Amino acid sequence: MTERVVVMGAAGRDFHDYFAELRDDLGREVVAFTRAPGQNLGETDAGGYQAFPAELTPDGRGPIPIVPEADLEDAIDEHDAGTVLFAYSDVAHEDVMHAASRALGAGADFGLLGPDSVQLDVDVSVVAVNAVRTGCGKSAVARAFADELASRDLDVAVVREPMPYGDLVEKRVERFADETDLDGLTVEEREEYADHVAAGHVVYAGVDYRAVFDRASDEADVVVWDGGNNELAFAVPDYHVVLVDALRPDHGERYHPGETNLRRADAVVVTKENAASDDEVAIATDLADRLAPADAPVYHSDSVVRADDPDAIAGRDALVVEDGPTLTHGGAPHGAGYVAAKDAGASSLVDPEPHAVGEIAAVLEEYDHLDRVLPAMGYSDAQLADLEATIDAADPEVVVAGTPVDLDAVADIDAPVVRARYAIEYHETTPADLLNAGLGDALDS
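Treat the numbers as computed from the prediction; the structure is a model and nothing was measured.

### So, the overall build of the protein
Working step 1: Of the regular secondary structure elements, the protein holds 15 helices and 22 strands.
Working step 2: Relative to the globule expectation of 22 Å for 445 residues, the C-alpha radius of gyration of the protein, 21 Å, shows essentially globular dimensions.
Working step 3: Over its C-alpha atoms, taken along the principal directions, the protein stretches across nearly 70 × 55 × 45 Å.
Working step 4: For the protein, the proportion of its 445 residues judged to be buried stands at 59%.
Working step 5: Relative to all contacts within the protein whose residues are 6 or more apart in sequence, the contacts with residues 24 or more apart total 78%.
Working step 6: For the protein, the exposed area adds up to about 17,600 Å²; of that, 43% sits on carbon and sulfur atoms.
Working step 7: For the protein, the centre of its 30 positive side-chain charges and the centre of its 92 negative side-chain charges are spaced 2 Å apart.

### Some details on the confidence of the model for the protein
Working step 1: On average, residues of the protein score 92 in pLDDT, and 96% of them reach the 70 mark or higher.
Working step 2: Counting interchain partners and residues more than four positions distant, the pLDDT-below-50 stretch residues 40-49 has 29 contacts.

### What about the nonpolar core?
Working step 1: With 89 residues, the main nonpolar core has Phe33, Phe52, Val159, Tyr209, Phe213 and Leu262 as its most contacted residues.
Working step 2: Of the residues forming this core, the biggest block, 6 residues, is contributed by helix α5 (residues 138-151).
Working step 3: Formed by 42 residues, the second largest nonpolar core is a distinct cluster that contains Ala312, Leu349, Val405 and Ala411.

### Overview of the pairing of strand β6 (residues 83-87)
Working step 1: Summarising burial for β6: 5 of the 5 residues are buried, a large majority.
Working step 2: In β6, alternate side chains face the same way, and those of Thr83, Leu85 and Ala87 on one face and Val84 and Phe86 on the other are all buried.
Working step 3: Two strands pair when backbone bridges link them, and strand β1 (residues 3-9) and β6 are joined in this way by 5 bridges, in the parallel orientation. Looking at β6, one finds that Gly9 is bridged to Ala87.
Working step 4: In terms of strand pairing, β6 meets strand β8 (residues 109-111) through 3 bridges, oriented parallel. Among the inter-strand pairings, Val84 is bridged to a residue of β8, identified as Phe110.

### Remarks on the side chain of Glu191
Working step 1: If you trace the backbone, Glu191 turns up in helix α6 (residues 187-198).
Working step 2: There is a polar contact of 3.3 Å between the side chain of Glu191 and the backbone nitrogen of Gly324.
Working step 3: Other than its neighbours up to four places away in sequence, Glu191 contacts Glu322, Asp323, Gly324, Pro325, Ala376, Thr403, Pro404 and Val405.

### Things to note about a negative patch on the surface
Working step 1: Residues Asp317, Asp392, Asp395, Glu397, Asp412 and Asp414 make up a contiguous surface patch of negative charge.
Working step 2: Along the polypeptide, Asp412 turns up in the loop between α14 (407-410) and β22 (417-426).
Working step 3: By relative accessible area, Asp412 is classed as exposed at 60%.

### A word on the pairing of strand β16 (residues 267-271)
Working step 1: In terms of burial, β16 is a largely internal element, 5 of the 5 residues being buried.
Working step 2: In this sheet, β16 lies alongside strand β14 (residues 239-245) in parallel orientation, the contact comprising 5 bridges. Pairing of Val242 across the sheet is with Val268, part of β16.
Working step 3: Here 3 bridges tie β16 to strand β17 (residues 298-307), and the two strands are oriented parallel to one another. Within β17, the position partnered with Val270 by the bridge is His300.

Conventions we followed
- Counting restarts for each chain, with residues numbered from 1 along the sequence as it is written.
- Two thresholds apply to this predicted model, a pLDDT of at least 70 for residue-level local features and 80 or more for giving and counting side-chain atom pairs, whereas whole-chain, interface and lining totals are computed over all residues.
- For side-chain calculations, the full set of non-hydrogen atoms in the structure is used, while hydrogens and water are omitted.
- Labels follow the DSSP assignment, with helices taken as runs of H or I lasting at least four residues and strands as runs of E lasting at least two, numbered in each case from the N terminus.
- It is over C-alpha atoms that the radius of gyration is taken, and the globule rule equals 2.2 Å times the number of residues to the power 0.38.
- Relative accessibility decides the category of a residue: with a 1.4 Å probe and only protein chains considered, values under 20% of the type maximum give buried, values over 50% give exposed, and everything between is partly exposed.
- Contacts between residues were defined by any pair of non-hydrogen atoms, one from each residue, lying within 4.5 Å.
- Each accessible area is a Shrake-Rupley estimate made with a 1.4 Å probe; only the visible protein chains count as cover when residues are assessed.
- A positive count includes Lys and Arg, and a negative count includes Asp and Glu. His and the chain ends are not counted in either.
- Positions of charges follow a simple convention, taking NZ of Lys, CZ of Arg, CG of Asp or CD of Glu.
- Across the chain, each position has a pLDDT score giving the predictor's confidence in that residue, from 0 to 100.
- Remark: nonpolar core denotes a set of buried residues (Ala, Val, Leu, Ile, Met, Phe, Trp, Tyr, Cys) joined through side-chain atoms within 4.5 Å.
- In this scheme, strands are said to pair when DSSP sees at least two bridges between them.
- Two N or O atoms count as a polar contact when they lie within 3.5 Å, although within protein this holds only if one can serve as hydrogen donor and the other as acceptor, and sequence-adjacent residues are included solely when both atoms are side-chain atoms.
- For patch building, the residue pool is restricted to those with more than 30% relative accessible area and no salt bridge; the joining distance is 9 Å between like charges and 5 Å between nonpolar side chains (Val, Leu, Ile, Met, Phe, Trp, Tyr).
- For salt bridges, the criterion is a side-chain nitrogen of Lys or Arg within 4 Å of an Asp or Glu carboxyl oxygen.

Here is the structure:
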């Protein structure tokens, strides 16, 4: 009998698992996906639900319903599913087991697909940068690796894994090479690509990562995987670097699949040590020593934040806008914008909460650990409009933007915007040394 499967996810790892392992498996049929609350994806419809398009199923088998996660039990019953596969990233271990309990309570089996099942073989070398949580500094490390590889006259492609909002057929494979390629994207998508594109690197993403890696390897000598959140690499890495955040020092054994990344690392980098206490650095280092393979070296680094124009911040009332995922499901209290505003001598940090409207007000209510910072939420036109209205109502003298997105390019903001950028500075190594240690002569050959 064919095993009928519901896949729990958020339009990232779930779609990858489908293409890599489930789509062409005659013994299993995916009968539904679930989507996260408030998720904006897929513009087709089936049975009253948003749907995974028929064009992406074998022989146009038919659209696959994408149902709200709250309806998991109903989906199991309606589609007579015997198995639920979990395909989320950056989820607390306890929450994974709550999902398992829901599936088991509805009479279904529960499981997860592991790296050996879903990591793809790629024809060129793959350098993977992963983390134990979102917001550890992956993109800064990945950019530095891409810069170093390009300096060796190698053609480099960066592969990212965002949520593919909109028409999933059109977004099966996406390529971004210049600023014009970012037009029409959501704020979240631009956060994933903008800095890489600005650095001169071609970025690939999409829905079908077998096709994504095929296209990327056609034009590149080496691929740099810059995974979303704390996601597993979607390709088999030749060198796997995993980041641990010293400001969240124990999170590496509390979140899925971040702990898996740490246990499969070729090298570990502890980040943000300059902003952490000695005790926090010790906890993060002990975590890396305990969970990473015995032969994986542990490196140490600082996160160095610089504002483009610190004089424009000094002595002014500043509203800080940060990278959205880092603050929300990443659980961080602040990011680079907050640090830049403090370091530049802002006279005060404007509290956005009393001025928040619509979906932004709902976000701040849900993530009540945030204090005087505003996540750059813009996953839809309505949400972006609420972000603009919130900033306008707060009436700051200056906006300090820690998001990779150029806010002036996507939002109508009256106050001047000063961007805050961060880089990883290593204590006793360099990106070149890391690559040499991990890959030896492989890249030069």
